[in-house]
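This is what each chain is made of:
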Amino acid sequence: MMATAKNQRIYLDNAATTPLDPKVLEAMMPYLQEHFGNPSSIYSYGRESRMAIENARKAVAQQLNCHPSEVFFTSGGTESSNTAINASVRDLGCTHIISSKIEHHATLHTVEHLAKEGKVNLQFVNLLPNGHVNLKHLQELLEQTQGKTLVTLMHANNEIGNLLPIQKVGELCKQYGAIFHADTVQTVGHYPIDLKEINVDFITAAAHKFHGPKGVGLLFVRNGLGIKPFIHGGGQERNMRAGTENIYGIVGLAKALELSMAEYAKESFYIEQLRNYMLTQLQKNFNKLIVNGSADENALYTVLNVGFPKTEKTEMLLMSLDMNHICVSGGSACSSGASVGSHVINAITQQEQVPIRFSFSKYNTEAEVDAVVECLKKLIG
Ligand SMILES: Cc1ncc(COP(=O)(O)O)c(C=O)c1O
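Here is a short report on the structure shown in this document.

Calculation criteria
- Residues numbered from 1 in each chain as written.
- Predicted model: local features only at pLDDT ≥ 70, side-chain atom pairs only at ≥ 80, totals over all residues.
- Heavy atoms only, no water.
- Salt bridge = Lys/Arg side-chain N within 4 Å of Asp/Glu carboxyl O.
- Helix = DSSP H or I, 4+ residues; strand = E, 2+ residues; numbered from the N terminus.
- Buried < 20%, exposed > 50% of the residue type's maximum accessible area, 1.4 Å probe, protein only.
- Near = heavy atom within 4 Å.
- Polar contact = N/O pair within 3.5 Å; in protein donor to acceptor, adjacent residues only side chain to side chain.
- Areas by Shrake-Rupley, 256 points an atom, 1.4 Å probe, with all protein chains shown as cover.
- Nonpolar A, V, L, I, M, F, W, Y, C, P; charged D, E, K, R; others polar.
- Axes fitted to C-alpha atoms, helices over the stretch in contact; angles between N-to-C directions.
- Parallel < 35°, antiparallel > 145°, perpendicular 65-115°, else oblique.
- Left-handed = near helix turned anticlockwise from the far one by under 90°.
- Contact = heavy atoms within 4.5 Å.

1. Brief notes about the pattern of salt bridges
Now for step 1: In the structure shown here, the tally under the stated rule is 16 salt bridges.
Now for step 2: Among the salt bridges present, the one from Arg57 reaches Glu54, with a minimum N-O distance of 2.8 Å. A residue pair is termed a helical-turn pair when its members lie 3 or 4 positions apart in one helix, as Arg57 and Glu54 do in helix α2 (residues 44-64) at three residues.
Now for step 3: Overall, the relative accessible area of 3% leaves Arg57 in the buried class.
Now for step 4: What makes Glu54 partly exposed here is its relative accessible area of 27%.
Now for step 5: With its nearest N and O atoms 3.0 Å apart, the salt bridge here joins Glu117 to Lys119.
Now for step 6: Residue class for Glu117 comes out partly exposed when judged on its relative accessible area of 45%.
Now for step 7: Because the salt bridges share partners, they merge into one network encompassing Arg50, Glu54, Arg57, Glu237 and Glu245.

This is the structure in structure tokens:
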């Protein structure tokens, strides 16, 4: 693991994005240079690019245990979630959506928009005090709904890390004939996912969350669902998403997924220890620390979200940490720094606090955690 030299920045915002793995870059380079052909061209340059895309699709499908025809490459998590939700309403006849108030804005703003336009009836499932979805309430909602329902719930929350029992939710959806979209942006590349074992219709991923490149992701669409094209134009992505493919991005996504799953046991163990170490150190030094989310085995091993009591010293904490070369966030990348605070924290607690999300990767070290805790002590201790 990477050691941190003095004065180097400490990056603990890996839920926002991760640095590219050099091995991923190496796999991408030929497609940025010599293999530049348009995959739709019939001559050899084109065929080489086409082959790279289809091999990447097969590799991804193998990792997720699904059929290659169920994998569509997109620009990332936002596009994938928008597509799944809109297609459920437009093509699958969903008139009712069950979601939660702690979804990523890619989901939340999409379902709210559909409800505002009068296309769906939107309901939010209750949350438990620790931020987990109340499954009993979910079942009650499913029992009551009339018409086709879409359940859109995230597999892991990007701010507090809480994991959804995805298998159980999938079974409930099956029992009540609902379509199930799971935002798996924080779990693909971080946990083995077996799509033959989970009753889910759509899942999403973004390569930059697991040391792949930005601007590329995927949407899994269960075979036989019968959704219609999302972008019209050429025949790319089997006529579903037109536009010349992001070849090097797609190659990078597949390589990043392959690497992360090959090293899953070792890396997840390492990162979880680091998260637990940080929690222990913070609890030892800050007796008024609030832990947001469950921060246990039912939460992402990569995320630790804690709250400090609001004081003059903590109010500018994110900025003070930045001035000390420490990169963390107050929530998701888009809400960090926003004066409205985090919609996730606001949905689960009334406690006045300054929330900080630390999120870890294989490149972080215990020495970095020590340095951050020392800095926090200096700033607010
Ligand atoms: C849970 C979750 N869903 C969706 C997204 C959106 O992904 P992207 O920014 O790659 O479109 C993110 C990114 O922060 C996320 O964490």
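2. Focus on the site of the ligand
Now for step 1: The environment of the ligand is formed by Gly76, Gly77, Thr78, His104, Met154, Asn158, Asp183, Val185, Gln186, Ala206, His208 and Lys209.
Now for step 2: In the environment of the ligand, an oxygen atom lies 2.8 Å from a nitrogen or oxygen atom belonging to the side chain of Gln186.
Now for step 3: His208 places a side-chain nitrogen or oxygen 2.9 Å from an oxygen atom of the ligand.
Now for step 4: Contact with the protein chains hides 86% of the accessible area of the ligand, taken as 390 Å² for the molecule alone.
Now for step 5: Class assignment of the residues belonging to the shell around the ligand gives a composition of three nonpolar, seven polar and two charged.

3. Quick look at the packing of helix α1 (residues 22-32) against helix α7 (residues 247-262)
Now for step 1: Two elements in contact, α1 and α7, have axes separated by 8 Å at closest approach and are oriented at 155 degrees. Classed by the angle they form, the pair α1 and α7 counts as roughly antiparallel. As α1 runs across α7, the sense of the crossing is right-handed. In contact with Lys23, Val24, Ala27, Met28, Tyr31 and Leu32 of α1, α7 contributes Ile247, Tyr248, Gly249, Val251, Gly252, Lys255, Ala256 and Leu259.
Now for step 2: Here the residues of the contact of α1 with α7 are counted per class, giving ten nonpolar, two polar and two charged.

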